[in-house]
Each structure stands twice: as structure tokens, then as C-alpha cells.
Amino acid sequence: METRFGEVLARAQAAGRAVGAFTCYDLLGFEAVVRAAESRGAPVVVLVSPASFGAEGGERLVRAFGAAARCSSADVLVQLDHVRDGRLIERAADCGVDAVMADGSKLPFGENLAFTRTVVGSVRSRGVGVEAELGRVEGQEDEAGETLSGEATDAGEAGRFVGESGVDCLAVAVGNVHGHYSGAPKLDWRRLREIRGSSPVPLSLHGASGLPERDLRRAVSLRVAKFNVNTELRAAYFRRLGEELGAETAKLNLKGLGDGVVGAVQEVVEAKLSAFGWR
Ligand code: 13P
């Protein structure tokens, strides 16, 4: 069965573009991503971190994103990101997410494959797309910190993993990290090309914050079909909040404060979408 997630990635890839996936913690971030998607005519994935989803109110947040996504003229998908717990995955499927990222990257190859196959078996028939990770993209997902790159994805293993797991998309580790790069990022292009050659499904690159635009464009040209972005959005959110808090506090202008945040985050999302090929 084709999933909407798989179809959206495949369509973008066929057009020589990539889909931006952006972590949202609230409806301001969500609004910024959707406005950027509509303004660029781009499909987007709204990522929900497992910490957000697992917390009180997490299910309501995901259901709110799903309902609001259906009101957009753009293709807006919701994905539960980096989840290692099968029960959370089932709950996310019950909440109507379009995709989950089944993260077995800390497990040995065989256990990661078994875990991923179980997830594919349990949710894909319900139309929920599955992304997995092979190799390890290091770093924190909800907090910023300097990070060194983790264990790189092996091209031979990637081909076998994709063939045997039935995933829609594979996240690869080629020098990319979550959060701030420790020093200048240095992606392993040869490895990426080799993985590309051995994987029949779209590849995703996590940790797109902090990668220079030329690297993003080069990765798109090497047919990376999905980029995950979080840290740069949070940085823009906090920066604008800090700038406006003083003035708006005096007026207790919550609406004005929110508008400023949406605008600042939207600017970052649009710049990324442009690097992913959405003019
Ligand atoms: P960054 O925070 O480095 O952009 O990474 C986001 C990510 O990969 C979420 O899965």
C-alpha cells in the first residue's frame, strides 16, 4: 500500500525538490510553517517530538495539528518524530498522524531491523508512513548543544535494511547532527552517493539546521527527499520573543507577540524551502 507520506516524498523527488520537515511545539510554530508552505506552494511535514507527544496534552496537540493541516491549501503532513516506544507509535496512529519516525538507530542492525519491521507491520496498513534511521544522527532533539557526528550509515546495510523493512523513507547519518555542529559541518558526499545507489526509497537528512545553503542544495541534487529542521526555528522563535517581550508586556499584547514570532519563524522556513527547490 502506498502511503500519503511516501507519495509526497516521491513526487517532490521526481520534481528535483525535497520536502521540508519542521518541528512544531505549538500553534504559533505550526502557523509559521503552514504560511511558508502556502506562500511557496510546497508540501511540508510538521514534526512532533516524542517529548511533546508523550507529555500531557500531547494527543490534543497532534489532533489539533491534524485538523488545522486539513484547512490548508498546501499539503501539510504530521509526523511523530524519533520514537522508540511501540505504544506511543500506536497512539500516534490513533491520533491520525500521517507518518512516524521509528528510531531504532541506537540498536544493533538486526534489532533495529526487527523493531522497524514491527512498526511497519502495525501501522502501514492504516496508511501511516514509516521512516527509520540507520547509522546514528547524534544530538538532542529539543535542546541545543554542540555535537560531534555519530556512527555513519553503511551503504550496503542501507540497501538490505530498506529491502527487508518496507519503510517509506530512510534517515541517514553522513556527518549530519541534531542541534549545533561542533565546528564547520562536513558531510560525506561520497557516502551519501553510495547510499543513494543502494536505497530504492527516498532518503532523509536530519539536523538540517546549521548546514550551509550550498550543502542543502547539493544534497537535494543527490536526491535527498526530506530534510528535518528544528534548532533554527527555535532560535528564531526565542530571538523574536526576547526582542518583543519588553514592549508587548507593557501592553499585555499577546496577539502582537504571537504575530512577531510567526513572522520570524516563517522567514526561516521560507529560506529553507527555497534551498529545497521551492522558489
Ligand atoms: P536540527 O535541530 O539540527 O535542525 O535537527 C532537527 C531534526 O533532525 C529533527 O528530527
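Please refer to the structure placed before this passage.
Remember, it's a predicted structure, so these values are computed and weren't measured experimentally.

Asker: Account for the packing of aromatic side chains, with residues named and values stated.
Answerer: What the rule picks out here adds up to three aromatic pairs. Consider the rings of F30 and F65, whose centres lie 4.9 Å apart with planes at 10 degrees: the pair is stacked. One end of the pair, F30, is in helix 2 (residues 27-40); the other, F65, is in helix 4 (residues 58-69), with 35 residues separating them in the sequence. Neither residue differs from the other here; F30 and F65 are each classed as buried. Aromatic pair F109 and F161: ring centres 6.0 Å apart, planes at 70 degrees, arrangement edge-to-face. Residue F109 is found in helix 6 (residues 109-123), and its partner F161 is found in helix 7 (residues 155-165); the two are separated by 52 residues along the sequence. Each member of the pair F109 and F161 is classed as buried.

Asker: So, the layout of surface pockets: which residues are in play, and what are the values?
Answerer: There is about 180 Å³ of room inside the largest pocket. Contributing to the lining of the largest pocket are T23, C24, Y25, D26, G29, V33, L233, R234, Y237, F238, L241 and V265. Counting residues per element, the ones that place at least two in the lining of the largest pocket are helix 2 and helix 10 (231-251). Among the elements that line the lining of the largest pocket, the one with the most residues is helix 10, at five residues. A per-class count over the lining of the largest pocket returns eight nonpolar, two polar and two charged.

Asker: Got a sec to walk through the packing of helix 2 against helix 11 (residues 254-275)? Specific residues and values, please.
Answerer: The geometry of helix 2 relative to helix 11 is characterised by a closest axis approach of 8 Å and an angle of 45 degrees between their N-to-C directions. Considering the angle they form, helix 2 stands oblique to helix 11. When you trace helix 2 past helix 11, the crossing you get is right-handed. Residues L28, E31, A32, V33, R35, A36, A37, S39 and R40 of helix 2 form the contact with helix 11, whose own contacting residues are G258, V261, V262, V265, Q266, V269, E270, L273 and S274. Counted by class, the contact of helix 2 with helix 11 contains 10 nonpolar, four polar and four charged residues.

Asker: So what about the site of the ligand? Which residues, and what values?
Answerer: Neighbouring the ligand are 13 residues, the closest being D81, G179, S209, N230 and T231. Within the side chain of D81, a nitrogen or oxygen atom sits 2.6 Å from an oxygen atom of the ligand. H178 is positioned such that a nitrogen or oxygen atom in its side chain is 3.1 Å from an oxygen atom of the ligand. Coverage of the ligand by the protein chains reaches 99% of its 310 Å² of free accessible surface. The cavity where the ligand resides is the largest cavity. When grouped by side-chain class, the residues that make up the shell around the ligand number three nonpolar, nine polar and one charged.

Asker: Which residues make up helix 5 (residues 86-94), and what are the values?
Answerer: By the burial criterion, the buried members of helix 5 are L88, I89, A92 and A93. Taken around the axis of helix 5, the buried residues stretch over an arc of 140 degrees, which confines them to a single face. Among the residues of helix 5, the N-terminal cap falls to D85, whose side-chain oxygen and the backbone nitrogen of R87 are separated by 2.8 Å. Directly after helix 5, the chain includes G96, whose backbone phi takes a positive value near 90 degrees.

Asker: So what's going on with the environment of D215? Residues and values would help.
Answerer: Inspection of the secondary structure assignment puts D215 in helix 9 (residues 213-221). Between the alpha carbons of D215 and P185 there is a distance of 9.3 Å; along the sequence they are 30 residues apart.

Rules used throughout
- Residues numbered from 1 in each chain as written.
- Predicted model: local features only at pLDDT ≥ 70, side-chain atom pairs only at ≥ 80, totals over all residues.
- Heavy atoms only, no water.
- Phe/Tyr/Trp six-rings, centres within 6.5 Å; stacked < 30°, edge-to-face > 60°.
- Helix = DSSP H or I, 4+ residues; strand = E, 2+ residues; numbered from the N terminus.
- Buried < 20%, exposed > 50% of the residue type's maximum accessible area, 1.4 Å probe, protein only.
- 1 Å grid on protein atoms, 1.4 Å probe; cavity = no way out; pocket = protein on both sides within 12 Å on 5 of 7 lines; lining within 4 Å.
- Points joined across faces, edges and corners; volume = space filled by probe spheres on them.
- Nonpolar A, V, L, I, M, F, W, Y, C, P; charged D, E, K, R; others polar.
- Axes fitted to C-alpha atoms, helices over the stretch in contact; angles between N-to-C directions.
- Parallel < 35°, antiparallel > 145°, perpendicular 65-115°, else oblique.
- Left-handed = near helix turned anticlockwise from the far one by under 90°.
- Contact = heavy atoms within 4.5 Å.
- Near = heavy atom within 4 Å.
- Polar contact = N/O pair within 3.5 Å; in protein donor to acceptor, adjacent residues only side chain to side chain.
- Areas by Shrake-Rupley, 256 points an atom, 1.4 Å probe, with all protein chains shown as cover.
- Sits in = over half its atoms within 2 Å of the grid points.
- Arc of directions from axis to C-beta.

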